Amino acid sequence: FTSWKRHGQNSNRPGPRLMAAPALGVIADDFTGATDIAGLLARAGVQVSLRLGVPEHPPEDTAAFEVIALKCRTAPVTDAVAECRAALAWLRDAGAERFFWKYCSTFDSTPAGNIGPVAEALMDDLGAGQTIYCPAFPENGRAIFMGNLFVGQQLLSESPMKDHPLTPMRDSNLQRLLAPQTTRPVGLADRLTVAHGEAALQRRLAELRDAGTAHVVVDAVADGDLQIIANACSGMPLLTGGSAVAMPLPAIYRRDGVLAVDAPPPRRPALASGAVILSGSCSAMTNAQVAAYRSNAPSFRLDPVTLAESGVASAIDWLNGQADGTAPLIYATAQLDEVQHAQATLGAERAGQLVEAALAELALAAFGSGVRRFVVAGGETSGAVARSLGLTRLDIGAEIAPGVPWTFAVVDGEDVAVTLKSGNFGTRDFFTIAMARLEG
Ligand code: ADP
């Protein structure tokens, strides 16, 4: 009656074993994008598991929603395609039958970019004749009208994305952006069609499919459009887009019996005490968060130049000297002039590496002394800490801020809670809210 069922044999293991088939398998092209969609799916109150990279082991103990975070947004096309196909193979092995290719809501890519080639490769593997492209996220000001992507009131090509260091977006038209990335025809289902509802959209998609159009950009300017699109397309083997169009899927899957009404709730392990906040982001928001938290909690500042001279030992000693029950903050977070000073002395790359390595070592030292709650600020910093703790799977927990959930992982057989926040996310009181949210 549902794909949230026990299903038996797995090609890599002898004998039957119990495993739930995920209702949806998501492949995300970067880590914060993966966290974003995982958090939105978790609002349905079911288990969502976020894997950091394609798991090395065959699927086991899978969640209702499985999300694989890759780092392939700007990777060479052949690498990105190979990684995404490996992710798809793993998700299919887990029993998933529906898939979502998640990229940024600003369609970050280059003419030699990965969004189209990956979609086409996944379609080939799945035998899917058609998919949709819908990066709209109305709540965050991303809308698509007549195939053109808007950021707030500006066209994408007139928004700050036009000067992005890695993926400058100089065209706003998704059909034009997609065409050089794909081998099969690209078409549009526009807002006028979407506004007529699910049946009209399905008719338009069928018409395009009959004409051989494999790739369909779908307009959406409001949440109601996304609901119509999700309803019309939930049966497609592959959907592609930003996270917002996936938001209605859990409720649709429940209605259709793809996700059982009694799918287990998220696990919420009891944690031993001990918390630490590690901040390596220098974004404006993180600077404000550090300043707010420092005023009423113990804190230690890491300076890259000092780290280069005398290492991380004094920070570890300081951390070990903190009383139980506090959540001390260790931060390299600094204002632009301080960052520039460190970069002029050490070089930008070395300064960054020293900080990342120090925070990674501190995370490990904290774990060694019994700390089981980790708040980490900074995208790259999060990557370094995740690697040092050996994180491979995160089970999504309570949402702290939009796009930033608590997650649970197992390190050396011990339950830990981790939240990995990219620079500009959260409000001023993020660190305090995070701690309160975990207890509540
Ligand atoms: P964000 O998510 O805000 O971009 P990241 O962690 O991805 O944060 O990037 C911040 C980078 O800045 C990291 O490589 C970090 O090591 C580096 N960094 C942090 N503090 C300093 C500092 N005081 N001086 C120089 N570089 C720093």
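Residues numbered from 1 in each chain as written. Predicted model: local features only at pLDDT ≥ 70, side-chain atom pairs only at ≥ 80, totals over all residues. Heavy atoms only, no water.

Participant: Got a sec to walk through the packing of aromatic side chains? Specific residues and values, please.
Facilitator: Within the structure shown, the criterion is met by 6 aromatic pairs. On the numbers, 6.0 Å between centres and 75 degrees between planes, the contact of Phe430 with Phe431 is edge-to-face. Exposure remark for Phe431: the relative accessible area of 1% places this residue in the buried category. Members of the aromatic cluster, connected to one another through ring pairs, are Trp101, Tyr103 and Phe107. It is Arg372 that lies over the ring of Phe367; its NZ or CZ is 4.1 Å from the centre. Across the ring face of Phe430, the terminal group of Lys421 is positioned such that the distance to the ring centre comes to 5.9 Å. (Phe/Tyr/Trp six-rings, centres within 6.5 Å; stacked < 30°, edge-to-face > 60°. Buried < 20%, exposed > 50% of the residue type's maximum accessible area, 1.4 Å probe, protein only. Lys NZ or Arg CZ within 6 Å of the ring centre and 35° of its normal.)

Participant: So what's going on with unusual backbone geometry? Residues and values would help.
Facilitator: The backbone phi angle of Asp61 is positive, close to 50 degrees, even though this residue is not glycine. Even without being glycine, Asp412 reaches a positive phi, approximately 50 degrees. In this fold, Asp412 is placed in the loop between strand E17 (404-411) and strand E18 (414-421). Since its relative accessible area comes to 71%, Asp412 is described here as exposed. (Helix = DSSP H or I, 4+ residues; strand = E, 2+ residues; numbered from the N terminus.)

Participant: Account for the packing of helix H11 (residues 313-320) against helix H13 (residues 348-368), naming residues and giving values.
Facilitator: Running from amino to carboxyl end, H11 crosses H13 at an angle of 35 degrees, the nearest separation of the two axes being 10 Å. Taken as a pair, H11 and H13 cross one another with a handedness that is right-handed. Facing H11, whose interface residues are Ala315, Ile316 and Leu319, H13 presents Glu361, Leu362, Ala365 and Ala366. Class assignment of the residues belonging to the contact of H11 with H13 gives a composition of 6 nonpolar, no polar and 1 charged. (Axes fitted to C-alpha atoms, helices over the stretch in contact; angles between N-to-C directions. Left-handed = near helix turned anticlockwise from the far one by under 90°. Contact = heavy atoms within 4.5 Å. Nonpolar A, V, L, I, M, F, W, Y, C, P; charged D, E, K, R; others polar.)

Participant: Go over the side chain of Gln289 with me, naming the residues and quoting the values.
Facilitator: Residue placement: Gln289 occurs in helix H9 (residues 284-294). A polar atom in the side chain of Gln289 sits 3.0 Å from the side chain of Lys421. (Polar contact = N/O pair within 3.5 Å; in protein donor to acceptor, adjacent residues only side chain to side chain.)

Participant: Quick one: what's the story with the pairing of strand E3 (residues 65-69), residue by residue and with numbers?
Facilitator: The element E3 is largely enclosed, with a buried count of 5 among its 5 residues. Covered by surrounding structure in E3 are Phe65, Val67 and Ala69 together with Glu66 and Ile68, the residues of both alternating faces. With 5 bridges connecting them, strand E2 (residues 48-52) and E3 associate as parallel partners. Paired with Arg51 across the strands is Ile68, a residue of E3. (Pairing = 2+ DSSP bridges.)

Participant: A description of the site of the ligand should follow, citing residues and the corresponding values.
Facilitator: Neighbouring the ligand are 19 residues, the closest being Ser281, Glu356, Gly379, Glu380 and Thr381. With respect to the ligand, the side chain of Glu356 contributes an N or O atom lying 2.5 Å from an oxygen atom. Between the ligand and Thr381 there is a distance of 2.6 Å, counted from an oxygen atom to a side-chain nitrogen or oxygen. In the complex, the protein chains occlude 81% of the 570 Å² of accessible area that the ligand would expose alone. For the shell around the ligand, the elements supplying multiple residues, two or more each, are helix H12 (336-346), H13 and helix H14 (379-389). When grouped by side-chain class, the residues that make up the shell around the ligand number 8 nonpolar, 9 polar and 2 charged. (Near = heavy atom within 4 Å. Areas by Shrake-Rupley, 256 points an atom, 1.4 Å probe, with all protein chains shown as cover.)

Participant: Hey, could you go over the pattern of salt bridges for me, with residue numbers and the actual values?
Facilitator: Evaluated as defined, the whole model comprises 21 salt bridges. Ionic pairing is found between Glu399 and Arg43, a salt bridge with its closest N-O pair at 3.2 Å. Note that Glu399 is positioned in strand E16 (residues 393-401) and Arg43 in the loop between helix H1 (31-42) and E2, a separation of 356 residues in sequence. Take Glu399: its relative accessible area is 23%, and that puts it in the partly exposed class. For Arg43, a relative accessible area of 44% translates into the label partly exposed. (Salt bridge = Lys/Arg side-chain N within 4 Å of Asp/Glu carboxyl O.)

Participant: Can you tell me about the environment of Tyr133, naming the residues and giving the values?
Facilitator: By the secondary structure assignment, Tyr133 is in strand E5 (residues 131-134). The exposure class assigned to Tyr133 is buried, which follows from its relative accessible area of 1%. Tyr133 sits 264 residues away from Gly397 along the chain, and the two C-alpha atoms are 29 Å apart. Apart from the residues within four sequence positions on either side, Tyr133 is in contact with Tyr103, Phe107, Ile115, Ala119, Leu178, His215, Val216, Val217, Val218 and Thr240.

Participant: Could you give an account of the sheet that holds strand E7 (residues 148-151), with specific residues and numbers?
Facilitator: The antiparallel open sheet is built from 3 strands, whose spatial order is E6-E7-E8. Of all the strands in the sheet, just strand E6 (142-145) and strand E8 (154-155) have a single pairing partner and so form its edges. Bridge count between E6 and E7: 4 bridges; the pairing is antiparallel. Within E7, the position partnered with Ala143 by the bridge is Phe150.

Participant: An account of the nonpolar core is needed here, citing residue identities and associated values.
Facilitator: Soluble globular proteins tend to pack their nonpolar side chains together in the buried interior. Counting residues in hydrophobic clusters, the biggest one holds 119 residues, and the most contacted among them are Phe65, Trp101, Phe107, Ile229, Leu302, Leu362 and Phe374. Apart from the residues within four sequence positions on either side, Ile229 is in contact with Ile132, Cys134, Val194, Leu201, Val218, Asp219, Ala220 and Val245. (Core = buried A, V, L, I, M, F, W, Y, C linked by side-chain atoms within 4.5 Å.)

Participant: Could you give an account of helix H6 (residues 198-210), with specific residues and numbers?
Facilitator: The first and last C-alpha atoms of H6 sit 18 Å apart over 13 residues, in line with the 18 Å expected at 1.5 Å per residue. Along its buried surface, H6 packs onto E5, strand E9 (186-189), helix H5 (191-195), strand E10 (215-218) and helix H7 (223-233). Just beyond H6, the residue with positive phi is Gly212, at close to 85 degrees. (Expected span 1.5 Å × (residues − 1).)

Participant: Let's hear about the pairing of strand E12 (residues 275-279): which residues, and what values?
Facilitator: Most of E12 sits out of view: 5 of its 5 residues are buried. Summarising the sheet, E12 and strand E15 (residues 373-377) pair through 5 bridges and their orientation is parallel. For Leu278, the partnering residue across the bridge sits in E15 and is Val376. Note that E12 and strand E14 (residues 329-331) share 3 bridges and pair parallel. In the strand pairing of E14, Ile277 is matched with Leu329.

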